[in-house]
Amino acid sequence: MPASQTLRLSVQNMSCGSCVGRVERVLAGRPGVDGVAVNLASETVQMQVDSADRLSEVLAALSQAGYPARTRTVRLDVASMSCASCVGRVDRALAALPGVIEVGVNLASETATVTYAEGAVDIADLLRAAQAAGYPATPAQDTAPEDRGARKDDEARALARRTALAAALALPVFVLEMGAHVVPGMHGLIGRTIGHEASWLIQFVLTTAVLAGPGRGFYTKGFPALLRGAPDMNSLVAVGTSAAYLFSVVALFAPSVLPEGSRAVYFEAAAVIVVLILLGRWMEARAKGRTGAAIQKLLGLQARTARVLVEGEPQDVAIERIRTGDILIVRPGERIAVDGEVIEGSARVDESMITGEPVPVAKTAGDPVTGGTVNGSGAFRFRATRVGADTTLAQIIRMVEEAQGAKLPIQGMVDRITLWFVPAVMALAALTVLVWLIVGPAPALSHALVAGVSVLIIACPCAMGLATPTSIMVGTGRAAGMGVLFRKGDALQQLSGVSIVAMDKTGTVTEGRPELTDMVLAEGFDRAEVLALVAAVEEQSEHPIADAITRAARAENAPRHAVESFASITGHGVRARIAGRDVLVGADRLMTREGLAIGALAEAETRLAARGRTALFAAIDGRVAAVIAVADPVKPSSAAAIRALHNLGLEVAMITGDKRETAEAIARETGIDRVIAGVLPDGKVAALDDLRGSSGRIAFVGDGINDAPALAHADVGIAIGTGTDVAIESADVVLMSGDLRGVVNAYRVSNRTMRNIRQNLFWAFGYNVALIPVAAGVLYPAFGVLLSPMLAAGAMALSSVFVLSNALRLRRIAPAMDEARAPRGSARLSPTPAE
């Protein structure tokens, strides 16, 4: 942004003249800001700022004053990006616009995500900036995801045709020039038949066809970028092959210009380099298409039509025409079109695409259903509650796309290096040529040409640019397939560095609602009879404990009895007359008050209380019949998931508002290391700070509204997907499965993805560090080895293919907990596939 540039912002929350005055006062006193003019009618503020740095200060000041500037995020499809240096240039061109707040450019998906202040800049400005930098862009929303996938396939097919044509033209050139190195006597045969001059002429014609035809794109893109002072990968190829080609043309048509002994042609180098680089790009395009397979798979889950009741008659309706409140009919085997609530019928629905759980879920009236899931058996009707972009599947797709387009902190280092990498390589190539011309053996010019071209061709920054984004795309896509959604891309990197996982108890470690867990009977009593009588009493109460007992009775098909009389005994329990029998239900003090001996059940009650259960006694006709325990039970998978986290080297803590005795009992049952009990909702943030101070970076897992502050405050917030929308919106990672197994899967995906990125970066940087000196000729004095430009092109192409292939291995990450072969509640860690 040039000095004293006008900045215009659209401001929220201004409703009167006093608002205008406050906004003016907030901005007018800031250094570097002048000429502040606030317009209430258009809800804008205009000012003069002295540097680009002032934008962030202005935005922060407006937000703090309660008048935040409106911002918008747009995703652009960017063409002509071929390497990491292109990424840096697109990033710089967009970030330089006044009003742009954040830019994220992704080479793997060929997109740019830009957040900008409305009013200061618009999409047209962004498109012009990208175009001026040499990278034409279009708004991504203009292209459906399915079309983007088809476009990638078309690009791969076009590259395949160009590669095949280039190879067909280059093969005779290679055979004519290099065949003598493989077939004895071939050099003499060519001389005796067509002659060496004719051989060179044939090579000239075929190589010209290769460069002007299939290889034309390298020159139409590379030389303009070079003239703009922003050379990229195409520039390296264009300069390198042009040098080999032009030297050969001079040797063929004007040999007297060259020093004695330097007459040689390198047509085969120019032609084969183009073939190998096209081959590498074709393989890249195919691999890039596979990196987006997760999105394509999710898109394939969307139904295209549904049977909707229209004026009482079922009709097939396109999914775009379904509205909230419509009644839809689902038959066996059909895919559910949108989110809704069952109103009639029952079925078992395969929800594995959402939760990763393979077992179908029973659905009856009142139960929610999710668009994209598959009805297994039974037919039902449901009312649409969320349609279009509001459905769960649409939100999942959006989350995955956003995470795949994110820029991790580690990428910043790569961008800084690659921004100057190509100019540095060109300077190094020029230096190489100069050194060979000064101190190289005869023919020095030929040796200088070979070394210079090899340096240009082998130093490919493509692998560096692809190292991080391809791993992110594949890793987050695989995570989505396991029911783990990374809402924020940097969480992928942050999660791999945590040392402690803290979690809420209710709804996270436990089921979230009380259940009847134990019933210990006195001698001579029948469980079904006692449960039926106690449930009849508890049906008169709305207490959660009473609800747990009545639900258990219904689940066990206990007989239902009418209540003849009912009385509450304050502070003790209840008394009722049922089916001619006198029933008491309450604490031990109720039994003592009525003079009833607890006897052997007293010991059972003590044991249950020690395990964190709430114990009640039931007496029938003057005899204590049973002790009944109610508790919020631990989820079947919690203990196994916590063991798995321990196996991964993580410490596990629980933060809960429950009393310490109950929390300690849960911790003993599940193997939790540390317990922080009796914490009020607003105290969870302080508890996290205490844990962070002693244990380092921390992840927090929760599901309730009261967990939202802690989820936002943790280094990584992980929300149980069955929780509240507020908790999910505050989190960095969302687990669709609704239990702690997803935490293990999330950590494993994060760990494996970051390891994969480090492998890619090590290869990409190590490849250049090791081979650029070899290409320059450092081995020649000792071993007489000078790298052929063709071998340099092959190595360069393979470097990018290696990075992409390594990233695609992330598709094979298996869920960390293998339920299929483990008993319920004891899921175990699967063996880790070989790295």
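Residues numbered from 1 in each chain as written. Predicted model: local features only at pLDDT ≥ 70, side-chain atom pairs only at ≥ 80, totals over all residues. Heavy atoms only, no water.

Identification of the protein as Copper-translocating P-type ATPase from Palleronia sediminis is taken from an unreviewed UniProt entry. A UniProt comment under Subcellular location (unreviewed entry) is attached to the protein, and it reads "Cell membrane". Entered under Sequence similarities (unreviewed entry) in the UniProt record, the comment concerning the protein runs "Belongs to the cation transport ATPase (P-type) (TC 3.A.3) family. Type IB subfamily." (UniProt positions renumbered as here; feature names shortened; annotations may be inferred.)

## Details of the overall build of the protein
Per the secondary structure count, the protein includes 30 helices and 31 strands. Within the protein, the fraction of its 835 residues that count as buried is 52%. Put simply, 69% of the contacts in the protein that link residues at least 6 apart link residues at least 24 apart. For the protein, the exposed surface amounts to about 35,200 Å²; the carbon and sulfur share of it is 56%. (Helix = DSSP H or I, 4+ residues; strand = E, 2+ residues; numbered from the N terminus. Buried < 20%, exposed > 50% of the residue type's maximum accessible area, 1.4 Å probe, protein only. Contact = heavy atoms within 4.5 Å. Areas by Shrake-Rupley, 256 points an atom, 1.4 Å probe, with all protein chains shown as cover.)

## Considerations on the UniProt feature "transmembrane region" (unreviewed entry) in the protein
The sites that carry the UniProt feature "transmembrane region" (unreviewed entry) are, in the present numbering, residues 164–186, 198–215, 236–258, 264–282, 417–439, 445–468, 761–780 and 786–808. Along residues 198–215 the backbone is 83% helical and 0% strand, and the end-to-end C-alpha distance reaches 24 Å. Secondary structure across residues 761–780 comprises 85% helix and 0% strand; the distance between its end C-alpha atoms is 28 Å.

## With respect to the environment of Arg8
Within the secondary structure, Arg8 sits in strand 1 (residues 5–10). Residue Arg8 is classed as partly exposed on the basis of its relative accessible area of 37%. Distance from Arg8 to Gly99, taken between C-alpha atoms, is 8.2 Å for residues 91 residues apart in sequence. Ignoring anything within four residues of it in the chain, the contact list for Arg8 reads Ser42, Thr44, Val45, Gln46, Glu118, Gly119 and Ala120.

## Topic: the pattern of salt bridges
The tally for this structure, following the rule as stated, stands at 23 salt bridges. The salt bridge partner of Asp504 is Lys684, with a shortest N-O separation of 3.0 Å. Taken together, the residues Asp504 in strand 18 (residues 500–504) and Lys684 in helix 25 (residues 684–695) connect sequence positions 180 residues apart. On the basis of relative accessibility, which here comes to 7%, the residue Asp504 falls in the buried class. A relative accessible area of 2% places Lys684 in the buried class. Across the pair Arg692 and Asp689 runs a salt bridge, and its minimum N-O distance is 2.9 Å. In this pair, Arg692 and Asp689 both sit in helix 25, three residues apart, roughly one turn of the helix. On the basis of relative accessible area, Asp689 is assigned to the partly exposed category, the value being 35%. (Salt bridge = Lys/Arg side-chain N within 4 Å of Asp/Glu carboxyl O.)

## Some points on helix 28 (residues 741–776)
Under the 1.5 Å per step criterion, the end-to-end length of helix 28 is 53 Å for 36 residues, consistent within 8% with the ideal 52 Å. Gly777 sits one or two positions beyond helix 28 and adopts a positive phi of about 105 degrees. (Expected span 1.5 Å × (residues − 1).)

## A short note on the packing of helix 15 (residues 444–458) against helix 28
Taken N-terminus to C-terminus, the directions of helix 15 and helix 28 make an angle of 165 degrees; their axes are 8 Å apart at the nearest point. Considered as vectors, helix 15 and helix 28 are oriented roughly antiparallel to each other. Once helix 15 is placed against helix 28, the crossing between them reads as right-handed. Along its contact with helix 15, which presents Ala451, Ser454, Val455 and Ile458, the element helix 28 presents Tyr767, Asn768, Leu771, Ile772, Ala775 and Ala776. Grouping the amino acids of the contact of helix 15 with helix 28 by side-chain chemistry returns eight nonpolar, two polar and no charged. (Axes fitted to C-alpha atoms, helices over the stretch in contact; angles between N-to-C directions. Parallel < 35°, antiparallel > 145°, perpendicular 65-115°, else oblique. Left-handed = near helix turned anticlockwise from the far one by under 90°. Nonpolar A, V, L, I, M, F, W, Y, C, P; charged D, E, K, R; others polar.)

## What to know about the pairing of strand 2 (residues 33–39)
Here strand 2 pairs with strand 3 (residues 44–49) via five bridges, running antiparallel. What sits directly across from Asn39, in strand 3, is Thr44. What sits between the antiparallel neighbours strand 2 and strand 3 is a turn of four residues, in which Glu43 has the positive phi angle 55 degrees. (Pairing = 2+ DSSP bridges.)

## Quick look at the sheet that holds strand 15 (residues 374–377)
On the basis of which strands lie adjacent, the open sheet formed by three strands has the order 13-12-15 and antiparallel pairing. Because the sheet does not close on itself, it has two edges, and the strands there are strand 13 (361–363) and strand 15. Adjacent strand axes in the sheet meet at a mean angle of 45 degrees when their direction is disregarded. As judged from the three bridges shared by strand 12 (residues 347–350) and strand 13, these two strands associate in the antiparallel manner. Residue pairing for strand 13: Arg348 is matched across the bridge by Ala362.

## What about the side chain of Lys363?
Structurally, Lys363 can be placed in strand 13. Here the side chain of Lys363 touches Pro368 through a polar contact of 2.8 Å, landing on its backbone oxygen. Once residues within four sequence positions are removed from consideration, Lys363 is found in contact with Val342, Gly345, Ser346, Ala347, Val349, Glu351, Pro368 and Val369. (Polar contact = N/O pair within 3.5 Å; in protein donor to acceptor, adjacent residues only side chain to side chain.)

## Let's talk about the sheet that holds strand 18
Strand order in the open sheet formed by seven strands is 17-29-28-27-18-25-26, with mixed pairing between adjacent strands. At either margin of the open sheet sits one strand with a lone partner, and together these are strand 17 (484–486) and strand 26 (674–676). Each strand of the sheet is rotated relative to its neighbour by a mean of 20 degrees, with strand direction disregarded. Sheet topology note: the strand 17/strand 29 (residues 733–735) ladder contains three bridges and is antiparallel. Looking across to strand 29, one finds that Phe486 is bridged to Val733. Packed on one face of the sheet, helix 24 (residues 660–670) meets strand 25 (651–655) and strand 26 and runs near 155 degrees to strand 26.

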